[in-house]
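Here is what each chain is made of, one letter per residue.
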2 protein chains.
Amino acid sequence: MSERSFQLYDTTLRDGSQQEGMVLTVDDKLAVARHLDALGVGFIEGGWPGAVPRDTEFFRRARTELTLAHAELAAFGATRRPGVAVSRDPQVRALLAADTPVITLVAKSHTGHVESALRTTLAENLAMIGSTVRHLVHAGRRVFLDAEHYFDGYRRNRAYALEVVLIAAEAGAETIVLCDTNGGCLPDEIGAVVADTIAATGASLGIHCHDDTGCAVANTMAAVDAGAIHAQGTAHGYGERCGNANLFTVLGNLALKRGLAAADPGLLGSLAATSRMITELTGVPSDPSAPYVGASAFTHKAGLHASALRIDPDLYQHIDPERVGNTMRTLVSDMGGRSSVELKARELGYTVDAGSEESARAAARVKELESRGYSFESADASFELLLREELAGSPPEPPFEVDSWQVSVACRSNGEVGTDASVRLRVDDVPLAATGQGNGPVNALDTALHRALDPFFPQLARLELVDYRVRVLNGETGSGAAARVLVQFRDGERRWGTVGVDENTVTASWRALLDAVRYVLLDDVRPGRGAVPLATAWAG
Amino acid sequence: MSERSFQLYDTTLRDGSQQEGMVLTVDDKLAVARHLDALGVGFIEGGWPGAVPRDTEFFRRARTELTLAHAELAAFGATRRPGVAVSRDPQVRALLAADTPVITLVAKSHTGHVESALRTTLAENLAMIGSTVRHLVHAGRRVFLDAEHYFDGYRRNRAYALEVVLIAAEAGAETIVLCDTNGGCLPDEIGAVVADTIAATGASLGIHCHDDTGCAVANTMAAVDAGAIHAQGTAHGYGERCGNANLFTVLGNLALKRGLAAADPGLLGSLAATSRMITELTGVPSDPSAPYVGASAFTHKAGLHASALRIDPDLYQHIDPERVGNTMRTLVSDMGGRSSVELKARELGYTVDAGSEESARAAARVKELESRGYSFESADASFELLLREELAGSPPEPPFEVDSWQVSVACRSNGEVGTDASVRLRVDDVPLAATGQGNGPVNALDTALHRALDPFFPQLARLELVDYRVRVLNGETGSGAAARVLVQFRDGERRWGTVGVDENTVTASWRALLDAVRYVLLDDVRPGRGAVPLATAWAG
């Protein structure tokens, strides 16, 4: 490790934004930047000013609205165009106008790209790099250079690729980042090329990988092992095609497997929470199996493991999940049977005897419901209701009875749409009726339900419907299939989910709504309530 | 590479079945096995007979119902219990009763696990391995041994770990599979341990990795590079926690980066299709960014790349996607602007001039709709309708007009639920009305729509609603948010999707239904229709 501290460089807001399904407003980008900063990354690439209007706006607002405690903000852009004086190139001007302490230039280092894509000479390309770097260094910026298609370029013409590195370093670029832009490399090649490039040029190198061979993280680790002092990645590995190197995984690996403080080690414990918060901002469905931060990363299912886990968690975990702010979870499923139910119950704060009749009953009930399409993996609240019922031996006294409900959606000839729901309930045999409107059947029923019940049960007021998903089960036809509806709620600080299954999608939603209400109305102090952080991400 | 051909070993149906959200019936398992066989894998681990009832049933039915052209079927199970004669151990009997040509035994190779989890002596564990392997070899089976927790065990007590390998090999096990059960290793360690183990024992080794450090595939490649002749993995990397090594990625890498025919090279072109078919069977949402097989693996978005792609696709792709049965796709989004629209249009078979006014208009319209929540990435049909409108310069003559629609869902006090929809339309100014029932608002409206229109447009009869997803956008409250509904249809052999966005979830669904009807009713021969394979997996 060189004297300089390691440079962990995040490009979520630029390269990561190529991720399908991700559209960030400028507000979102500023919020993501704050979360990344709180994690302690060294550099945040905010975007491509001049080329992407939203990014120009981001840098403008960042000047006054973004206060970074750990990271330096970087603007990304291309070298000057062929044949244009650097001071007159509008792209370069836009880079300077972004007013960031760091500028990262992307340049071609592959002769094929210089000729076909840029349509210029190899010599002019080198001049473009040298003059642009010098110009920006002279303007007082720290400059990094992304050598695009480096590994393919090195394979095709090693001398030219090394020339690019040398020119950039001599012109004052602090770090030359070797990019496996097409993502086709494997770790051994990455390591060899990085080592050779260091030996041949003496430059400080960085690494930027893509996941087209499923080795982006390993490639990044190989480069660092070979001497790179800078690693780029994106949150959750967001990016085009197969994505970029997953920055969270790289950070976890560097810290916990290499003892390398790529970011502030004291902040590693916020890794999982950072993942969840960024997921909520980007709207890209989280991957429950993501290393370190995934909702399932430390989730055990097999009956075999569950019994060993009760003895010693370290037998089956490569690290203590608390180190990255995650927790061990167990899944209830027919694979785990009794052991899984017991572990899950303990996790929720209940005392269940190993091998007891109650846990056998609960396991059997879970199995039967699962065969009908239920899935409790994203519906801890529904599971807990079921568990309590089996532990008690009989269903609890219901806080209210449902007589009937109805919802209709009508679009009139003038195009106006109205959604109206009505529910008829009984609380202590007192009949209640309430109506509700909403932006759909689920929302309208939820509104009516609250109108009827909140006066009797004030604690329901804090219950908020946050998201829901409908999945059509059992076959591919729209009719005759069952639907599973998973609903997520916010209850003060906590988020949890319920599930409902029925042939009818609205009935399935209704069941999930009722579970949520019953869950909030549990009248005793539920053990462990608030102490167990429940996963906010959808598990499946 | 040794004289023996490489052993590619799939454990989707056993280790992969720990995947959250995956529940396979025996029929499903048989179907998955057939698809894996068609891909040419060498071995298919069908499950754990005796321990998992569904797996016992699988092997029973496989005897008569499963004809494998390439793979050998393997049964998985544990060595005999401590202190029990191998011929009397019911687990071992179940393994033999499964009647498979191959049996894979799992055994402890980590002293900590032998003592804490198995609660026996180190010597007895070795005896359990030796006697069970010998017993099964004597019964005429090919035996593989999974050395569980090998790398952790080797780190803790190298001599004992090597002893396990030697005992198993001497007893007749053909391949000893070193398992990184906790998934905590990085490639360099894997490679070193595999190399040392081969040098110390001379045994034929396999590798079984998990993805807890994001390096399962790289670890597998490192082991093969160090001399392993057998690699295990699961389809899509299914598995507990962070999953197993992704067999599709490993297969692609071995074939295309190492020139190693891990499976029949002539079958590699069916990789992407195999992925889609297995996804439909498992119900686990596919990962569009999966290497080689993902819907987005060769999908380009950025405007920069789109213009270079038009010149030479190989500039931005590490392999020709056709080699794995995938295709290059381009996304329409505001990032790509005109170039992306043009590429997409050409992909769909339309001729669009570069830089034309029409493509600029289409790009602008996409951008505007996206800002309102639309996403065309899983809705090729909706995009094509939009494109045709912009190319024509004006909206087409609509085949029908909508006057009004309505749907209601009512649950009576006896618990019965009824869903009724009615639509009022006009075809050539002739007013039509129709009603429909269904298992939810979308299904009922779809039924009513067909009742009204199928008599006039018989081609609509083949249109079938297959699946739909509702996503609540823009913030976390159930009210005031917009909803985006993506609907998938089957139209004869083809599957495609439409999208609708509205504040009201049912209105959003209605828009998506109308788009589907209009798409089928396009009255000219649409260019490229049927020629372009549209992705069946959801892209986001």
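Computed from a prediction, not measured in an experiment: that's the story for all the values here. (Residues numbered from 1 in each chain as written. Chains lettered and ligands numbered in written order. Predicted model: local features only at pLDDT ≥ 70, side-chain atom pairs only at ≥ 80, totals over all residues. Heavy atoms only, no water.)

(A) Inspection of the state of the cysteines at higher detail. Applying the stated criterion across every chain yields a total of zero disulfides over all chains. In this structure Cys215 of chain A is not part of a disulfide, and its nearest cysteine sulfur, from Cys215 of chain B, lies 8.0 Å away. For Cys215 of chain A, a relative accessible area of 0% translates into the label buried. (Disulfide = S-S within 2.5 Å. Buried < 20%, exposed > 50% of the residue type's maximum accessible area, 1.4 Å probe, protein only.)

(B) Highlighting the sheet that holds strand E5 (residues 142-148) of chain B. All names here are of chain B. Taking strand neighbours around the barrel as the criterion, the eight strands line up as E1-E2-E3-E4-E5-E6-E7-E8 in a closed arrangement whose pairing is parallel. The average undirected angle you get between the axes of adjacent strands in this sheet is 25°. In this structure, strand E3 (residues 72-78) lies alongside strand E4 (residues 102-108), joined through five bridges in parallel fashion. The residue bridging Ala75 from the neighbouring strand is Ile103, located in E4. Docked against the sheet, helix H3 (residues 90-97) engages E3 and E4, running at close to 175° with respect to E3. Lying over the sheet, helix H8 (residues 187-201) contacts strand E6 (175-179) and strand E7 (205-208), oriented at roughly 155° with respect to E7. (Pairing = 2+ DSSP bridges. Helix = DSSP H or I, 4+ residues; strand = E, 2+ residues; numbered from the N terminus. Axes fitted to C-alpha atoms, helices over the stretch in contact; angles between N-to-C directions. Contact = heavy atoms within 4.5 Å.)

(C) Broad picture of the relation of the copies chain B and chain A. Mapping chain B onto chain A is achieved by rotating through 180° and translating by 0.1 Å along the same axis, at an RMSD of 0.3 Å. Considering both components of the superposition, the chain copies are consistent with a two-fold axis. Residue Ser408 of chain B, judged by its C-alpha, is the member of chain B lying nearest the rotation axis, at 1.7 Å. A high fraction, 100%, of the interface residues of chain B reappear at the interface in chain A, so the copies pair face to face through one surface. (Least-squares fit on C-alpha atoms with pLDDT ≥ 70 in both.)

(D) Structural detail: the domain arrangement of chain A. All names here are of chain A. When cut into domains, chain A gives domain 1 (3-282), domain 2 (295-397 + 457-540) and domain 3 (400-444). Across the boundary between the two partners, domain 2 contributes eleven residues, which contact eight residues of domain 3. Here domain 2 meets domain 3 over a buried area of about 850 Å², counting both sides, of which 90% is carbon and sulfur. Looking at the side of domain 2 facing domain 3, the largest losses of area belong to Phe457, Val506 and Trp510, adding up to 49% of the total buried there. In this assembly, domain 2 and domain 3 are joined by zero salt bridges. Elements with a contribution of two residues or more to the side of domain 2 that touches domain 3: strand E14 (463-472) and helix H17 (505-520). A per-element tally of the side of domain 2 that touches domain 3 places H17 first, with seven residues. Residues of the side of domain 2 that touches domain 3, tallied by class, amount to nine nonpolar, two polar and no charged. (Domains from an automatic or database assignment. Buried area = accessible area lost by both parts, 1.4 Å probe. Salt bridge = Lys/Arg side-chain N within 4 Å of Asp/Glu carboxyl O. Nonpolar A, V, L, I, M, F, W, Y, C, P; charged D, E, K, R; others polar.)

(E) Examining the pairing of strand E7 (residues 205-208) of chain A more closely. Residues and elements named next belong to chain A. Side-chain alternation along E7 places Leu205 and Ile207 on one buried face and Gly206 and His208 on a second face that is also buried. For the crossover that starts at strand E6 (residues 175-179), traverses helix H8 (residues 187-201) and ends in the parallel E7, the hand is right-handed. Direction of pairing for E7 relative to strand E8 (residues 230-233): parallel, over a ladder of three bridges. Following the sheet pairing, His208 is matched in E8 by Gln232. For the handedness criterion, the β-α-β arrangement of E7, helix H9 (residues 216-225) and E8 is classed as right-handed. (Right-handed = clockwise from strand over helix to strand, strands pointing away.)

(F) Inspection of the sheet that holds strand E12 (residues 417-427) of chain B at higher detail. Within the open sheet, the six strands sit side by side as E13(A)-E12(A)-E11(A)-E11(B)-E12(B)-E13(B). Their pairing is antiparallel. With partners counted over all chains shown, the strands left at the sheet margins are strand E13 (430-437) of chain A together with strand E13 (430-437) of chain B, one partner each. For this sheet, the mean inter-axis angle between neighbouring strands, taken without regard to orientation, is 10°. Examined bridge by bridge, E12 of chain B and E13 of chain B share eight bridges and lie antiparallel to one another. Bridging from a neighbouring strand, Arg426 of chain B pairs with Pro431 of chain B of E13 of chain B. Those strands touched by helix H16 (residues 441-453) of chain A are strand E11 (401-411), strand E12 (417-427) and E13 of chain A, and its axis lies near 140° from that of E13 of chain A. Against the sheet, H17 of chain A contacts E11 and E12 of chain A together with strand E11 (401-411) and E12 of chain B, and its axis sits at roughly 130° relative to E11 of chain A.

(G) Fine view of the environment of Val177 of chain B. Residue and element names in this part refer to chain B. Relative to the helices and strands, Val177 is located in strand E6. For Val177, a relative accessible area of 0% corresponds to the buried category. Taking the C-alpha atoms as reference points, Val177 and Ala192, 15 residues apart in sequence, are found 15 Å from one another. Excluding its chain neighbours within four sequence positions, the residues that come into contact with Val177 are Leu145, Asp146, Ala147, Gly206, Ile207, His208, His230 and Gln232.

(H) Broad picture of the interface of chain B and chain A. Listed as interface residues are 103 residues of chain B and, on the opposing side, 103 residues of chain A. Summed over both partners, the interface of chain B with chain A comes to about 8,200 Å²; 50% of that surface belongs to carbon and sulfur atoms. One can count two salt bridges joining chain B with chain A. The partner of Asp188 of chain A in a salt bridge is Arg258 of chain B, and the shortest N-O contact between them spans 3.2 Å. Viewed at the interface, chain A and chain B are joined by 18 residue pairs in polar contact (both at pLDDT 80 or more). Of the residues that constitute the side of chain B that touches chain A, the class distribution is 37 nonpolar, 37 polar and 29 charged. For E11 of chain A and E11 of chain B, the ladder comprises seven bridges, and the chain directions are antiparallel. The partner of Val407 of chain A across the bridge, within E11 of chain B, is Val409 of chain B. (Polar contact = N/O pair within 3.5 Å; in protein donor to acceptor, adjacent residues only side chain to side chain.)

(I) Structural view of the packing of aromatic side chains. In the structure shown here, the tally under the stated rule is 20 aromatic pairs over all chains. With a centroid separation of 4.6 Å and an interplanar angle of 65°, the aromatic rings of Trp496 of chain A and Tyr519 of chain A are classed as edge-to-face. Highlighted residues: Trp496 of chain A in strand E16 (residues 494-502) and Tyr519 of chain A in helix H17, separated in sequence by 23 residues. A relative accessible area of 2% means that Trp496 of chain A is categorised as buried. For Tyr519 of chain A, a relative accessible area of 1% translates into the label buried. When the ring of Tyr150 of chain B is compared with that of Phe151 of chain B, the centres are 5.7 Å apart and the planes differ by 85°; the resulting orientation is edge-to-face. Neither residue differs from the other here; Tyr150 of chain B and Phe151 of chain B are each classed as buried. Each residue in the set Tyr9, Phe43 and Phe144 of chain A is aromatic and connected to the rest through ring pairs, giving one cluster. (Phe/Tyr/Trp six-rings, centres within 6.5 Å; stacked < 30°, edge-to-face > 60°.)

(J) Structural detail: the pattern of salt bridges. All names here are of chain A. Per the counting criterion, the structure on display carries 57 salt bridges over all chains. Linking Arg258 and Asp225 is a salt bridge whose minimum nitrogen-to-oxygen distance equals 2.9 Å. Of this pair, Arg258 sits in the loop between helix H10 (247-257) and helix H11 (271-282) while Asp225 is found in helix H9, placing the two residues 33 residues apart along the sequence. According to the relative accessible area criterion, Arg258 is partly exposed, its value standing at 31%. Ionic contacts of the salt-bridge type, sharing partners, join the residues Glu357, Arg361, Arg365, Glu389 and Glu390 into one network.

(K) Inspection of the side chain of Thr234 of chain A at higher detail. Residue and element names in this part refer to chain A. Tracing the chain through its elements places Thr234 in the loop between E8 and H10. According to the relative accessible area criterion, Thr234 is buried, its value standing at 0%. Contact partners of Thr234, with chain neighbours within four places excluded, come to Asp10, Thr11, Thr12, Gly16, Asn244, Ala245, Asn246, Leu247 and Phe248.

(L) Seen up close, helix H7 (residues 158-170) of chain B. Residues and elements named next belong to chain B. Its 13 residues place the ends of H7 18 Å apart at the C-alpha level, agreeing with the 18 Å of an ideal helix rising 1.5 Å per residue. When H7 is considered as a whole, its buried residues turn out to be Tyr160, Ala161, Leu162, Val164, Val165 and Ala168. Directly beyond the C-terminal end of H7, a positive phi value near 115° is found at Gly172. (Expected span 1.5 Å × (residues − 1).)

(M) Representation of the environment of Ala360 of chain A within the structure. One can find Ala360 of chain A in helix H14 (residues 357-371). Separated by 121 residues in sequence, Ala360 of chain A and Gly239 of chain A place their C-alpha atoms 46 Å apart.

(N) Up close: the pairing of strand E16 (residues 494-502) of chain B. All names here are of chain B. The element E16 is extensively covered by neighbouring structure, given that nine of its nine residues are classed as buried. Of the two faces of E16, the one lined by Arg494, Trp496, Thr498, Gly500 and Asp502 and the one lined by Arg495, Gly497, Val499 and Val501 are each fully buried. The pairing of strand E15 (residues 483-491) with E16 spans nine bridges and is antiparallel. Residue pairing across strands places Phe489 opposite Trp496, the latter belonging to E16. Counting the residues that bridge the hairpin from E15 to E16 gives two residues, and of these Gly492 lies at a positive phi of roughly 65°.

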